[in-house]
Amino acid sequence: MNPEFDFEPAAAALASVVGGITDDQLAAATPCADTTVRDLLAHVIDLTEAFRQSATKEAVGGSVAPPPPAGRVLPADWRGRIPAQLDALVAAWREPAAWDGVTEAGGVSEPAPVMARIALDEVVVHGWDLAKATGQPFTCDAGHLGVLLDMLRDTPAEGVPGLFGPVVPVAAEAPALERVLAFTGRRADWNAAAVLG
């Protein structure tokens, strides 16, 4: 089937944020509980490759649940590796065959279009997490926000264990990005100073 959307805008936004992260920010807190910028970058390396493999179907029959972000070591070449893996992810999901059938990522099996939406959520939301953690601007394609709102609108109030925290109350007329973040248990006004108390 034809691709439902192109990952390029989300991938470019995440790559831009990654490019702006300095070494002295690696230990900073992020909106993900108990997860530093370093931890989250290591997770991004894992997820970009996992979702590329889900597009090519390489992962089928062999994917496993990812380790907790805090359990990963950030490779020394992360500044070059993440943009390269994002490019590979974009290219893989541009292939019509990527959207056919059932595929896997992280030990979970889903129809390919569902897996693509999950991948988009990971790229967008962790892009925002890293931008917030490092004081950078973040933008998201309006079409991508629509895709994510459609996917997330039925998220249970208690969240999804292992994926999202409890849904954060937000006004129905709030900006689309703020509503997406709320469905994933995030507050748009999060800041590191509040975490440090």
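Residues numbered from 1 in each chain as written. Predicted model: local features only at pLDDT ≥ 70, side-chain atom pairs only at ≥ 80, totals over all residues. Heavy atoms only, no water.

A. Spatial organisation of the pairing of strand E1 (residues 102-105). When E1 meets strand E2 (residues 108-111), the two strands line up antiparallel, connected through four bridges. Along E2, the bridge assignment pairs Val102 with Pro111. In this antiparallel pair of consecutive strands, E1 and E2, the connection spans two residues, and Gly106 shows a positive phi of 60°. (Pairing = 2+ DSSP bridges. Helix = DSSP H or I, 4+ residues; strand = E, 2+ residues; numbered from the N terminus.)

B. Structural detail: the nonpolar core. Phe7, Leu41, Trp78, Trp93, Leu130 and Phe138 are the most contacted members of the largest nonpolar core, which has 55 residues in total. Residue assignment for this core shows that the elements contributing at least two residues are helix H1 (8-19), helix H2 (37-56), helix H3 (78-93), helix H4 (112-134), helix H5 (142-152) and helix H6 (176-183). When residues in this core are grouped by element, the largest group, 11 residues, is from H4. Excluding residues within four positions of it along the chain, Trp78 makes contact with Val18, Ile21, Asp23, Leu26, Leu41, Ile45 and Pro83. (Core = buried A, V, L, I, M, F, W, Y, C linked by side-chain atoms within 4.5 Å. Buried < 20%, exposed > 50% of the residue type's maximum accessible area, 1.4 Å probe, protein only. Contact = heavy atoms within 4.5 Å.)

C. View of the packing of H1 against H4. Direction vectors running N to C along H1 and H4 enclose 25°, while the axes themselves pass 9 Å from each other. With respect to each other, H1 and H4 are oriented roughly parallel. Relative to H4, the crossing made by H1 is left-handed. Listed contacts from H4 to Ala10, Ala11, Leu14, Val17 and Val18 of H1 are Leu120, Val123, Val124, His126, Gly127, Leu130 and Ala131. Grouping the amino acids of the contact of H1 with H4 by side-chain chemistry returns 10 nonpolar, two polar and no charged. (Axes fitted to C-alpha atoms, helices over the stretch in contact; angles between N-to-C directions. Parallel < 35°, antiparallel > 145°, perpendicular 65-115°, else oblique. Left-handed = near helix turned anticlockwise from the far one by under 90°. Nonpolar A, V, L, I, M, F, W, Y, C, P; charged D, E, K, R; others polar.)

D. Seen up close, the pattern of salt bridges. Inspection of every chain in the model, using the stated rule, returns 10 salt bridges. With a shortest N-O distance of 2.8 Å, Arg117 and Glu4 are connected by a salt bridge. Of this pair, Arg117 sits in helix H4 while Glu4 sits in the segment before H1, placing them 113 residues apart in sequence. Overall, Arg117 belongs to the partly exposed group, its relative accessible area being 24%. What emerges from the salt-bridge pattern is a single network uniting Glu49, Arg52 and Glu58. (Salt bridge = Lys/Arg side-chain N within 4 Å of Asp/Glu carboxyl O.)

E. Examining the side chain of Thr35 more closely. Its place among the elements puts Thr35 in the loop between H1 and H2. A distance of 3.0 Å separates a polar side-chain atom of Thr35 from the backbone oxygen of Ala33. (Polar contact = N/O pair within 3.5 Å; in protein donor to acceptor, adjacent residues only side chain to side chain.)

F. The arrangement of the environment of Ala157 in detail. Within the secondary structure layout, Ala157 lies in the loop between H5 and H6. Residues Ala157 and Leu74, spaced 83 residues apart in sequence, show a C-alpha to C-alpha distance of 33 Å. Those residues within four positions of Ala157 in sequence are excluded, and the remaining contacts are Pro166 and Val167.

G. Layout of the packing of aromatic side chains. Applying the stated criterion across every chain, the model contains four aromatic pairs. Note on Trp93 and Trp99: the rings are 5.3 Å apart at their centroids and 75° apart in plane angle, and the pair reads as edge-to-face. Each member of the pair, Trp93 as well as Trp99, carries the same accessibility label: buried. Among the aromatic side chains, those forming a connected cluster through ring pairs are Phe5, Phe7, Trp93 and Trp99. (Phe/Tyr/Trp six-rings, centres within 6.5 Å; stacked < 30°, edge-to-face > 60°.)

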